[in-house]
Amino acid sequence: MGRDRVIRNVKPRWFEYTSDKAFWLFVIFAAAVFLMGGGSRYDIESVGPLRAFSALVLAVAVWWQSRESFALIRWPIALIALLAVWMIIQLIPLPPEVWQSLAGREAVAEIDSLLGLSDLWRPITLSPLRTWNSLASLTVPVAALMLMALLDGSQRRKLRTFIIVVGLVSALLGIAQLVLRANPGLYLYEITNADSAVGLFSNRNHNALFLNIALLFSLFERGASQVGMPRTAGKFTQATAIRLAVSLVLVLGILINASRFGLLLLAVNGLVFAWLLISDFRTREKAGASSKLVKWLGFGLVAGSLTLIGLFATISRLPALERLFSSSLTDDQRLETLPVIFGLLKDHFPFGTGFGAFEQAFRIVEPEAMIRPRYLNHAHNDWLQFLVEGGAASVILLVLAIGWLVRKLVLLLRAGQFQKQGGRGAIIGFLTLVMIGLHSIVDYPLRTPSLMLVAALSIIFIAKAAQKTGVGSVGSQPS
(Lines give C-alpha, C1' and ligand atoms only; values in the text may rest on other atoms or scores of the structure.)
Protein backbone atom coordinates (compact mmCIF):
# COMPACT_ATOMS: atom_id res chain seq x y z
CA MET A 1 0.00 0.00 0.00
CA GLY A 2 2.68 2.48 1.01
CA ARG A 3 4.79 1.67 -2.06
CA ASP A 4 1.83 2.13 -4.40
CA ARG A 5 1.08 5.50 -2.84
CA VAL A 6 4.66 6.68 -3.37
CA ILE A 7 4.65 5.57 -7.01
CA ARG A 8 1.41 7.41 -7.73
CA ASN A 9 2.84 10.64 -6.32
CA VAL A 10 5.93 10.55 -8.51
CA LYS A 11 5.87 13.22 -11.23
CA PRO A 12 5.61 11.66 -14.73
CA ARG A 13 8.77 11.75 -16.81
CA TRP A 14 8.86 14.05 -19.84
CA PHE A 15 8.13 11.25 -22.31
CA GLU A 16 5.26 9.73 -20.35
CA TYR A 17 1.62 10.39 -21.19
CA THR A 18 -0.48 13.09 -19.61
CA SER A 19 -3.68 14.51 -21.05
CA ASP A 20 -2.24 18.03 -21.14
CA LYS A 21 0.79 16.89 -23.14
CA ALA A 22 -1.48 15.16 -25.64
CA PHE A 23 -3.64 18.27 -25.97
CA TRP A 24 -0.77 20.67 -26.65
CA LEU A 25 0.89 18.24 -29.02
CA PHE A 26 -2.36 18.05 -30.96
CA VAL A 27 -2.65 21.86 -31.07
CA ILE A 28 0.90 22.10 -32.47
CA PHE A 29 0.20 19.26 -34.91
CA ALA A 30 -3.11 20.78 -36.08
CA ALA A 31 -1.50 24.21 -36.53
CA ALA A 32 1.17 22.61 -38.72
CA VAL A 33 -1.49 20.81 -40.76
CA PHE A 34 -3.47 23.99 -41.40
CA LEU A 35 -0.32 25.94 -42.33
CA MET A 36 1.23 23.24 -44.54
CA GLY A 37 -1.66 20.99 -45.61
CA GLY A 38 -4.10 23.29 -47.38
CA GLY A 39 -3.54 21.77 -50.82
CA SER A 40 -4.32 18.43 -52.41
CA ARG A 41 -1.49 18.26 -54.96
CA TYR A 42 1.20 15.63 -54.44
CA ASP A 43 4.02 17.99 -55.47
CA ILE A 44 3.47 20.74 -52.88
CA GLU A 45 6.81 21.39 -51.17
CA SER A 46 5.32 21.36 -47.67
CA VAL A 47 3.77 17.90 -48.08
CA GLY A 48 6.97 15.98 -47.34
CA PRO A 49 7.85 17.78 -44.08
CA LEU A 50 4.20 17.64 -42.95
CA ARG A 51 4.02 13.88 -43.42
CA ALA A 52 7.34 13.37 -41.67
CA PHE A 53 6.03 15.40 -38.71
CA SER A 54 2.74 13.46 -38.84
CA ALA A 55 4.64 10.17 -38.66
CA LEU A 56 6.54 11.43 -35.61
CA VAL A 57 3.30 12.54 -33.93
CA LEU A 58 1.74 9.18 -34.77
CA ALA A 59 4.65 7.35 -33.15
CA VAL A 60 4.21 9.39 -29.95
CA ALA A 61 0.43 8.80 -29.97
CA VAL A 62 0.95 5.05 -30.38
CA TRP A 63 3.45 5.09 -27.49
CA TRP A 64 0.93 6.84 -25.25
CA GLN A 65 -2.05 4.76 -26.35
CA SER A 66 -3.88 2.51 -23.90
CA ARG A 67 -6.44 -0.21 -24.50
CA GLU A 68 -9.20 2.06 -23.18
CA SER A 69 -8.31 5.04 -25.37
CA PHE A 70 -7.82 2.92 -28.48
CA ALA A 71 -11.26 1.33 -28.00
CA LEU A 72 -12.75 4.71 -28.90
CA ILE A 73 -11.26 4.69 -32.41
CA ARG A 74 -10.62 1.03 -33.19
CA TRP A 75 -13.23 0.84 -35.99
CA PRO A 76 -12.22 4.04 -37.82
CA ILE A 77 -8.57 2.97 -37.54
CA ALA A 78 -9.48 -0.52 -38.79
CA LEU A 79 -11.21 0.96 -41.86
CA ILE A 80 -8.21 3.17 -42.64
CA ALA A 81 -5.94 0.13 -42.18
CA LEU A 82 -8.03 -1.85 -44.68
CA LEU A 83 -7.78 1.05 -47.12
CA ALA A 84 -3.99 1.10 -46.65
CA VAL A 85 -3.79 -2.67 -47.23
CA TRP A 86 -5.68 -2.35 -50.52
CA MET A 87 -3.36 0.46 -51.61
CA ILE A 88 -0.36 -1.77 -50.87
CA ILE A 89 -1.93 -4.61 -52.85
CA GLN A 90 -2.39 -2.22 -55.78
CA LEU A 91 1.37 -1.56 -55.66
CA ILE A 92 2.48 -5.21 -55.90
CA PRO A 93 3.95 -6.01 -59.36
CA LEU A 94 2.04 -8.74 -61.20
CA PRO A 95 3.18 -11.19 -63.91
CA PRO A 96 2.59 -9.82 -67.44
CA GLU A 97 -0.15 -12.31 -68.30
CA VAL A 98 -2.03 -11.47 -65.09
CA TRP A 99 -1.70 -7.69 -65.45
CA GLN A 100 -2.70 -7.69 -69.11
CA SER A 101 -5.87 -9.60 -68.27
CA LEU A 102 -7.08 -6.90 -65.89
CA ALA A 103 -9.99 -4.72 -67.00
CA GLY A 104 -9.05 -1.39 -68.55
CA ARG A 105 -5.43 -2.30 -69.34
CA GLU A 106 -5.94 -3.09 -73.03
CA ALA A 107 -4.54 0.20 -74.36
CA VAL A 108 -1.38 0.01 -72.25
CA ALA A 109 -0.91 -3.67 -73.08
CA GLU A 110 -1.14 -2.86 -76.78
CA ILE A 111 1.48 -0.11 -76.44
CA ASP A 112 3.74 -2.50 -74.52
CA SER A 113 3.40 -5.01 -77.34
CA LEU A 114 4.35 -2.43 -79.99
CA LEU A 115 7.39 -1.37 -77.97
CA GLY A 116 8.49 -4.90 -77.15
CA LEU A 117 7.78 -4.47 -73.44
CA SER A 118 5.20 -7.22 -73.06
CA ASP A 119 7.26 -9.04 -70.44
CA LEU A 120 7.17 -6.19 -67.91
CA TRP A 121 5.75 -6.85 -64.46
CA ARG A 122 3.31 -4.08 -63.54
CA PRO A 123 1.18 -3.36 -60.45
CA ILE A 124 -2.59 -2.87 -60.54
CA THR A 125 -2.24 0.90 -60.23
CA LEU A 126 -1.63 2.91 -63.37
CA SER A 127 0.53 5.33 -61.37
CA PRO A 128 2.59 3.72 -58.57
CA LEU A 129 4.00 7.12 -57.55
CA ARG A 130 0.52 8.59 -57.01
CA THR A 131 -0.62 5.49 -55.12
CA TRP A 132 2.41 5.74 -52.82
CA ASN A 133 1.42 9.37 -52.31
CA SER A 134 -2.14 8.35 -51.39
CA LEU A 135 -0.80 5.78 -48.94
CA ALA A 136 1.49 8.34 -47.28
CA SER A 137 -1.38 10.83 -47.02
CA LEU A 138 -3.10 8.56 -44.47
CA THR A 139 -0.53 9.50 -41.82
CA VAL A 140 -2.36 12.78 -41.11
CA PRO A 141 -5.84 11.39 -40.27
CA VAL A 142 -4.41 8.39 -38.40
CA ALA A 143 -2.16 10.61 -36.28
CA ALA A 144 -5.09 12.94 -35.59
CA LEU A 145 -7.39 10.09 -34.52
CA MET A 146 -4.78 8.43 -32.32
CA LEU A 147 -3.88 11.69 -30.60
CA MET A 148 -7.45 12.93 -30.09
CA ALA A 149 -8.40 9.60 -28.51
CA LEU A 150 -6.09 10.57 -25.63
CA LEU A 151 -7.90 13.83 -24.83
CA ASP A 152 -10.53 14.32 -22.15
CA GLY A 153 -13.93 15.94 -22.61
CA SER A 154 -12.94 19.50 -21.72
CA GLN A 155 -9.99 19.38 -24.11
CA ARG A 156 -12.17 18.16 -26.97
CA ARG A 157 -14.48 21.11 -26.33
CA LYS A 158 -11.47 23.43 -26.58
CA LEU A 159 -10.76 21.98 -30.02
CA ARG A 160 -14.08 23.39 -31.21
CA THR A 161 -12.83 26.86 -30.30
CA PHE A 162 -9.54 26.06 -32.05
CA ILE A 163 -11.37 25.30 -35.31
CA ILE A 164 -13.33 28.55 -35.02
CA VAL A 165 -10.11 30.53 -34.50
CA VAL A 166 -8.45 28.87 -37.51
CA GLY A 167 -11.57 29.61 -39.56
CA LEU A 168 -11.40 33.26 -38.49
CA VAL A 169 -7.73 33.43 -39.55
CA SER A 170 -8.55 31.87 -42.92
CA ALA A 171 -11.46 34.27 -43.48
CA LEU A 172 -9.37 37.34 -42.60
CA LEU A 173 -6.53 36.13 -44.82
CA GLY A 174 -9.03 35.64 -47.66
CA ILE A 175 -10.31 39.19 -47.22
CA ALA A 176 -6.72 40.49 -47.30
CA GLN A 177 -6.03 38.48 -50.46
CA LEU A 178 -8.84 40.28 -52.26
CA VAL A 179 -8.11 43.73 -50.85
CA LEU A 180 -4.35 43.51 -51.50
CA ARG A 181 -4.42 41.74 -54.85
CA ALA A 182 -0.93 42.96 -55.78
CA ASN A 183 0.65 41.04 -52.89
CA PRO A 184 1.28 37.41 -53.96
CA GLY A 185 2.93 36.72 -50.59
CA LEU A 186 -0.52 36.39 -49.05
CA TYR A 187 -1.07 33.13 -50.95
CA LEU A 188 0.48 30.07 -49.32
CA TYR A 189 0.66 27.91 -52.45
CA GLU A 190 2.14 28.46 -55.89
CA ILE A 191 -0.67 26.69 -57.75
CA THR A 192 -3.82 28.34 -56.41
CA ASN A 193 -6.90 30.39 -57.30
CA ALA A 194 -4.88 33.62 -57.32
CA ASP A 195 -7.95 35.79 -57.99
CA SER A 196 -10.01 34.43 -55.09
CA ALA A 197 -10.18 34.42 -51.32
CA VAL A 198 -8.54 31.03 -50.71
CA GLY A 199 -7.38 31.80 -47.16
CA LEU A 200 -5.18 29.02 -45.75
CA PHE A 201 -5.98 26.76 -48.71
CA SER A 202 -4.89 26.52 -52.32
CA ASN A 203 -8.46 25.97 -53.58
CA ARG A 204 -11.28 28.47 -53.00
CA ASN A 205 -13.85 25.66 -52.75
CA HIS A 206 -11.96 23.99 -49.92
CA ASN A 207 -11.70 27.29 -48.08
CA ALA A 208 -15.45 27.88 -48.51
CA LEU A 209 -16.17 24.43 -47.06
CA PHE A 210 -13.86 25.00 -44.10
CA LEU A 211 -15.33 28.44 -43.35
CA ASN A 212 -18.80 26.87 -43.36
CA ILE A 213 -17.61 24.19 -40.93
CA ALA A 214 -16.03 26.84 -38.68
CA LEU A 215 -19.31 28.79 -38.83
CA LEU A 216 -21.18 25.62 -37.84
CA PHE A 217 -18.88 25.22 -34.84
CA SER A 218 -19.41 28.87 -33.95
CA LEU A 219 -23.20 28.53 -34.04
CA PHE A 220 -23.11 25.57 -31.67
CA GLU A 221 -20.56 27.27 -29.44
CA ARG A 222 -23.16 29.95 -28.84
CA GLY A 223 -25.78 27.39 -27.89
CA ALA A 224 -23.47 25.16 -25.86
CA SER A 225 -22.28 28.05 -23.75
CA GLN A 226 -25.84 28.72 -22.55
CA VAL A 227 -26.80 25.17 -21.58
CA GLY A 228 -27.08 24.78 -17.83
CA MET A 229 -26.07 28.41 -17.19
CA PRO A 230 -28.16 31.24 -15.72
CA ARG A 231 -30.16 33.15 -18.31
CA THR A 232 -29.22 36.77 -18.86
CA ALA A 233 -32.35 37.84 -20.67
CA GLY A 234 -32.16 41.35 -22.01
CA LYS A 235 -28.37 41.53 -21.64
CA PHE A 236 -26.03 41.62 -24.60
CA THR A 237 -22.84 40.23 -23.03
CA GLN A 238 -19.29 40.71 -24.25
CA ALA A 239 -19.02 36.98 -25.03
CA THR A 240 -22.17 37.20 -27.17
CA ALA A 241 -20.76 40.20 -29.04
CA ILE A 242 -17.50 38.32 -29.75
CA ARG A 243 -19.34 35.24 -31.00
CA LEU A 244 -21.55 37.39 -33.21
CA ALA A 245 -18.57 39.28 -34.65
CA VAL A 246 -16.70 36.03 -35.38
CA SER A 247 -19.75 34.54 -37.09
CA LEU A 248 -20.23 37.63 -39.25
CA VAL A 249 -16.57 37.56 -40.34
CA LEU A 250 -16.95 33.90 -41.28
CA VAL A 251 -20.13 34.68 -43.23
CA LEU A 252 -18.36 37.53 -45.02
CA GLY A 253 -15.46 35.20 -45.83
CA ILE A 254 -17.90 32.77 -47.45
CA LEU A 255 -19.72 35.51 -49.36
CA ILE A 256 -16.57 36.97 -50.94
CA ASN A 257 -15.37 33.49 -51.87
CA ALA A 258 -16.14 32.53 -55.47
CA SER A 259 -17.52 29.10 -54.53
CA ARG A 260 -21.09 28.41 -55.57
CA PHE A 261 -21.35 25.32 -53.39
CA GLY A 262 -20.07 27.38 -50.47
CA LEU A 263 -23.27 29.43 -50.72
CA LEU A 264 -25.37 26.27 -50.63
CA LEU A 265 -23.55 25.14 -47.47
CA LEU A 266 -24.15 28.61 -46.03
CA ALA A 267 -27.87 27.94 -46.54
CA VAL A 268 -27.43 24.69 -44.56
CA ASN A 269 -25.87 26.74 -41.76
CA GLY A 270 -28.86 29.08 -41.98
CA LEU A 271 -31.17 26.15 -41.30
CA VAL A 272 -29.00 25.04 -38.38
CA PHE A 273 -29.06 28.57 -36.97
CA ALA A 274 -32.85 28.72 -37.27
CA TRP A 275 -33.13 25.38 -35.46
CA LEU A 276 -30.85 26.60 -32.65
CA LEU A 277 -32.91 29.79 -32.26
CA ILE A 278 -36.15 27.81 -32.08
CA SER A 279 -34.63 25.44 -29.50
CA ASP A 280 -33.37 28.36 -27.41
CA PHE A 281 -36.75 30.11 -27.76
CA ARG A 282 -38.57 27.06 -26.37
CA THR A 283 -36.03 26.56 -23.58
CA ARG A 284 -36.48 30.13 -22.40
CA GLU A 285 -40.27 29.79 -22.46
CA LYS A 286 -40.10 26.62 -20.35
CA ALA A 287 -37.77 28.36 -17.91
CA GLY A 288 -40.17 31.27 -17.66
CA ALA A 289 -37.57 33.71 -18.95
CA SER A 290 -38.17 36.43 -21.49
CA SER A 291 -37.62 35.15 -25.02
CA LYS A 292 -38.33 38.38 -26.91
CA LEU A 293 -34.63 39.27 -27.15
CA VAL A 294 -33.80 35.94 -28.76
CA LYS A 295 -36.75 36.22 -31.09
CA TRP A 296 -35.95 39.73 -32.31
CA LEU A 297 -32.22 39.07 -32.41
CA GLY A 298 -32.90 36.14 -34.72
CA PHE A 299 -35.12 38.22 -37.00
CA GLY A 300 -32.55 41.02 -36.96
CA LEU A 301 -29.67 38.73 -37.94
CA VAL A 302 -31.68 37.12 -40.72
CA ALA A 303 -32.73 40.53 -42.08
CA GLY A 304 -29.18 41.84 -41.78
CA SER A 305 -27.76 38.83 -43.60
CA LEU A 306 -30.28 39.14 -46.44
CA THR A 307 -29.55 42.88 -46.70
CA LEU A 308 -25.82 42.20 -46.87
CA ILE A 309 -26.29 39.59 -49.60
CA GLY A 310 -28.52 41.98 -51.56
CA LEU A 311 -25.99 44.79 -51.17
CA PHE A 312 -23.11 42.66 -52.43
CA ALA A 313 -25.18 41.34 -55.33
CA THR A 314 -26.30 44.84 -56.31
CA ILE A 315 -22.79 46.28 -56.44
CA SER A 316 -21.41 43.16 -58.20
CA ARG A 317 -18.97 42.31 -55.43
CA LEU A 318 -20.29 38.88 -54.59
CA PRO A 319 -18.34 36.53 -56.91
CA ALA A 320 -20.16 33.37 -55.84
CA LEU A 321 -23.57 34.80 -56.78
CA GLU A 322 -22.20 36.14 -60.06
CA ARG A 323 -20.90 32.68 -60.98
CA LEU A 324 -24.13 31.04 -59.78
CA PHE A 325 -26.32 33.04 -62.17
CA SER A 326 -23.90 33.63 -65.04
CA SER A 327 -22.66 30.04 -65.48
CA SER A 328 -24.89 27.36 -66.91
CA LEU A 329 -24.57 24.05 -65.12
CA THR A 330 -24.93 22.21 -68.42
CA ASP A 331 -21.73 23.91 -69.58
CA ASP A 332 -19.86 23.01 -66.43
CA GLN A 333 -16.89 20.73 -67.04
CA ARG A 334 -17.91 18.56 -64.09
CA LEU A 335 -21.13 17.48 -65.81
CA GLU A 336 -19.42 17.22 -69.19
CA THR A 337 -16.95 14.65 -67.91
CA LEU A 338 -19.44 12.51 -65.97
CA PRO A 339 -20.10 10.03 -68.82
CA VAL A 340 -16.35 9.51 -69.25
CA ILE A 341 -15.91 8.96 -65.51
CA PHE A 342 -18.75 6.41 -65.41
CA GLY A 343 -17.03 4.71 -68.34
CA LEU A 344 -13.80 4.52 -66.34
CA LEU A 345 -15.67 3.05 -63.39
CA LYS A 346 -17.18 0.36 -65.58
CA ASP A 347 -14.01 -0.40 -67.55
CA HIS A 348 -11.70 -0.72 -64.51
CA PHE A 349 -14.04 -2.60 -62.20
CA PRO A 350 -13.42 -4.54 -59.92
CA PHE A 351 -9.75 -3.67 -59.27
CA GLY A 352 -9.83 0.06 -60.01
CA THR A 353 -7.25 2.30 -61.61
CA GLY A 354 -5.19 2.59 -58.45
CA PHE A 355 -5.54 5.28 -55.80
CA GLY A 356 -4.30 8.63 -57.05
CA ALA A 357 -4.17 7.37 -60.65
CA PHE A 358 -7.40 8.96 -61.86
CA GLU A 359 -5.57 11.61 -63.89
CA GLN A 360 -3.52 9.00 -65.80
CA ALA A 361 -6.57 6.81 -66.42
CA PHE A 362 -8.62 9.79 -67.64
CA ARG A 363 -5.93 10.85 -70.11
CA ILE A 364 -6.07 7.44 -71.79
CA VAL A 365 -9.76 7.80 -72.62
CA GLU A 366 -10.12 11.61 -72.69
CA PRO A 367 -12.16 12.60 -75.79
CA GLU A 368 -10.43 14.96 -78.20
CA ALA A 369 -13.17 17.56 -77.70
CA MET A 370 -12.27 17.80 -73.99
CA ILE A 371 -8.55 18.46 -74.51
CA ARG A 372 -7.97 22.01 -73.29
CA PRO A 373 -5.15 24.10 -71.79
CA ARG A 374 -6.53 23.36 -68.30
CA TYR A 375 -6.39 19.63 -67.64
CA LEU A 376 -8.55 17.57 -65.29
CA ASN A 377 -6.52 16.16 -62.39
CA HIS A 378 -9.53 15.06 -60.32
CA ALA A 379 -13.05 13.90 -61.11
CA HIS A 380 -14.59 16.77 -59.06
CA ASN A 381 -16.84 14.10 -57.57
CA ASP A 382 -14.84 12.32 -54.91
CA TRP A 383 -17.50 9.66 -54.35
CA LEU A 384 -17.09 8.55 -57.97
CA GLN A 385 -13.32 9.01 -58.01
CA PHE A 386 -12.95 6.85 -54.89
CA LEU A 387 -14.86 4.07 -56.64
CA VAL A 388 -12.94 4.51 -59.91
CA GLU A 389 -9.59 4.27 -58.13
CA GLY A 390 -10.44 1.54 -55.63
CA GLY A 391 -12.96 -0.59 -57.48
CA ALA A 392 -14.96 -3.17 -55.55
CA ALA A 393 -12.83 -2.72 -52.42
CA SER A 394 -13.89 0.94 -52.31
CA VAL A 395 -17.54 -0.07 -52.40
CA ILE A 396 -17.01 -2.41 -49.44
CA LEU A 397 -15.11 0.23 -47.45
CA LEU A 398 -17.78 2.87 -48.11
CA VAL A 399 -20.54 0.50 -46.99
CA LEU A 400 -18.62 -0.32 -43.80
CA ALA A 401 -17.90 3.35 -43.04
CA ILE A 402 -21.49 4.48 -43.65
CA GLY A 403 -22.72 1.47 -41.65
CA TRP A 404 -20.53 2.49 -38.70
CA LEU A 405 -21.90 6.05 -38.81
CA VAL A 406 -25.51 4.88 -39.09
CA ARG A 407 -25.03 2.51 -36.15
CA LYS A 408 -23.65 5.35 -34.02
CA LEU A 409 -26.54 7.58 -35.08
CA VAL A 410 -29.08 4.93 -34.07
CA LEU A 411 -27.37 4.44 -30.68
CA LEU A 412 -27.40 8.17 -30.01
CA LEU A 413 -31.04 8.55 -31.03
CA ARG A 414 -32.18 5.62 -28.87
CA ALA A 415 -30.27 6.97 -25.86
CA GLY A 416 -31.62 10.50 -26.38
CA GLN A 417 -28.03 11.72 -26.41
CA PHE A 418 -28.74 14.55 -28.85
CA GLN A 419 -30.93 16.25 -26.25
CA LYS A 420 -28.09 16.33 -23.73
CA GLN A 421 -25.22 18.79 -23.47
CA GLY A 422 -22.64 16.14 -24.35
CA GLY A 423 -24.61 15.26 -27.49
CA ARG A 424 -23.85 18.62 -29.12
CA GLY A 425 -20.42 17.33 -30.08
CA ALA A 426 -22.05 14.44 -31.94
CA ILE A 427 -24.45 16.80 -33.74
CA ILE A 428 -21.50 18.95 -34.83
CA GLY A 429 -19.66 15.82 -35.96
CA PHE A 430 -22.54 14.48 -38.04
CA LEU A 431 -23.32 17.85 -39.63
CA THR A 432 -19.65 18.38 -40.46
CA LEU A 433 -19.44 15.00 -42.17
CA VAL A 434 -22.69 15.78 -44.02
CA MET A 435 -21.15 19.02 -45.29
CA ILE A 436 -17.99 17.22 -46.38
CA GLY A 437 -20.06 14.50 -48.02
CA LEU A 438 -22.20 17.02 -49.91
CA HIS A 439 -19.15 18.95 -51.02
CA SER A 440 -17.53 15.72 -52.22
CA ILE A 441 -20.27 15.48 -54.85
CA VAL A 442 -18.69 18.42 -56.69
CA ASP A 443 -15.10 18.44 -55.38
CA TYR A 444 -12.42 16.46 -53.52
CA PRO A 445 -12.12 17.93 -49.98
CA LEU A 446 -10.81 14.79 -48.25
CA ARG A 447 -7.71 14.82 -50.45
CA THR A 448 -6.61 17.90 -48.49
CA PRO A 449 -4.77 17.21 -45.17
CA SER A 450 -6.49 20.11 -43.37
CA LEU A 451 -9.95 18.73 -44.11
CA MET A 452 -8.81 15.19 -43.33
CA LEU A 453 -8.01 16.46 -39.83
CA VAL A 454 -11.43 18.14 -39.52
CA ALA A 455 -13.13 14.88 -40.55
CA ALA A 456 -11.07 12.98 -37.95
CA LEU A 457 -12.16 15.49 -35.30
CA SER A 458 -15.80 14.94 -36.26
CA ILE A 459 -15.40 11.18 -36.00
CA ILE A 460 -13.99 11.55 -32.48
CA PHE A 461 -16.96 13.70 -31.44
CA ILE A 462 -19.38 11.04 -32.71
CA ALA A 463 -17.48 8.09 -31.26
CA LYS A 464 -17.19 9.68 -27.81
CA ALA A 465 -20.87 10.59 -27.64
CA ALA A 466 -21.85 7.06 -28.70
CA GLN A 467 -19.48 5.60 -26.13
CA LYS A 468 -21.44 7.43 -23.43
CA THR A 469 -24.60 5.52 -24.34
CA GLY A 470 -23.12 2.57 -22.44
CA VAL A 471 -22.54 0.32 -25.44
CA GLY A 472 -18.91 -0.64 -25.17
CA SER A 473 -18.15 2.46 -23.11
CA VAL A 474 -15.04 2.70 -21.02
CA GLY A 475 -15.67 6.16 -19.61
CA SER A 476 -18.27 8.84 -19.27
CA GLN A 477 -16.50 12.15 -19.57
CA PRO A 478 -18.49 14.84 -21.32
CA SER A 479 -17.53 15.44 -24.91
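Just so it is clear, the structure is predicted and the values come from calculations on it, not from any experiment. (Residues numbered from 1 in each chain as written. Predicted model: local features only at pLDDT ≥ 70, side-chain atom pairs only at ≥ 80, totals over all residues. Heavy atoms only, no water.)

Draft legend 1. Spatial organisation of helix α19 (residues 392-414). The end-to-end C-alpha distance of α19, which contains 23 residues, comes to 33 Å, matching closely the 33 Å that a straight helix rising 1.5 Å per residue would cover. In this fold, the buried residues of α19 make contact with α5 (74-90), α18 (382-390), α20 (424-439) and α21 (449-467). One or two residues past the end of α19 sits Gly 416, with phi positive at roughly 65°. (Helix = DSSP H or I, 4+ residues; strand = E, 2+ residues; numbered from the N terminus. Expected span 1.5 Å × (residues − 1). Contact = heavy atoms within 4.5 Å.)

Draft legend 2. Geometry of the side chain of Ser 450. Relative to the assigned elements, Ser 450 resides in helix α21. Side-chain polar atoms of Ser 450 contact the backbone oxygen of Val 33, separated by 3.3 Å. Contact partners of Ser 450, with chain neighbours within four places excluded, come to Val 33, Phe 34, Gly 37, Gly 38 and Phe 201. (Polar contact = N/O pair within 3.5 Å; in protein donor to acceptor, adjacent residues only side chain to side chain.)

Draft legend 3. Highlighting the side chain of Thr 337. Here Thr 337 shows up in helix α16 (residues 333-347). Exposure remark for Thr 337: the relative accessible area of 2% places this residue in the buried category. Discounting chain neighbours no more than four positions away, the residues touching Thr 337 are Phe 362, Met 370 and Leu 376. (Buried < 20%, exposed > 50% of the residue type's maximum accessible area, 1.4 Å probe, protein only.)

Draft legend 4. Focus on the nonpolar core. Counting 116 residues, the largest nonpolar core has Phe 26, Phe 29 and Met 148 as its most contacted members. A total of 13 residues in this core trace back to one element, the largest contributor, which is α21. (Core = buried A, V, L, I, M, F, W, Y, C linked by side-chain atoms within 4.5 Å.)

Draft legend 5. Representation of helix α12 (residues 238-255) within the structure. The end-to-end C-alpha distance of α12 is 26 Å, a good match for the 26 Å that 18 residues give at a rise of 1.5 Å each. Taken residue by residue, α12 has Thr 240, Arg 243, Val 246, Ser 247, Leu 250, Val 251, Gly 253, Ile 254 and Leu 255 as its buried positions.

Draft legend 6. Up close: the pattern of salt bridges. What the rule picks out here adds up to 6 salt bridges. Taking the shortest distance from any N to any O, the salt bridge between Asp 382 and Arg 447 comes out at 2.7 Å. Here Arg 447 lies in the loop between α20 and α21 and Asp 382 lies in helix α18, a separation of 65 residues in the sequence. The exposure classification of Asp 382 matches that of Arg 447, with both residues buried. Taken together, the shared-partner salt bridges connect Arg 130, Glu 359 and Arg 363 into one network. (Salt bridge = Lys/Arg side-chain N within 4 Å of Asp/Glu carboxyl O.)

Draft legend 7. Expanded view of the environment of Val 98. Along the chain, Val 98 turns up in helix α6 (residues 96-100). Val 98 sits in the partly exposed class, given a relative accessible area of 36%. Put simply, Val 98 and Pro 123 are 25 residues apart on the chain and 9.9 Å apart in space, counted from C-alpha to C-alpha.

Draft legend 8. Fine view of the confidence of the model for the chain. Looking at the chain, the pLDDT average stands at 83 and 80% of residues meet or exceed 70. By mean pLDDT, helix α1 (residues 2-8) is the weakest element of the chain at 42, and α5 is the strongest at 97. Taken together, the stretch residues 223-234 has pLDDT below 50 and engages in 18 contacts with residues farther than four places along the chain or on a different chain. Contacts of residues 472-479 to residues separated by more than four positions or lying in other chains number 24 contacts, the stretch itself having pLDDT below 50. (pLDDT = per-residue confidence, 0-100.)

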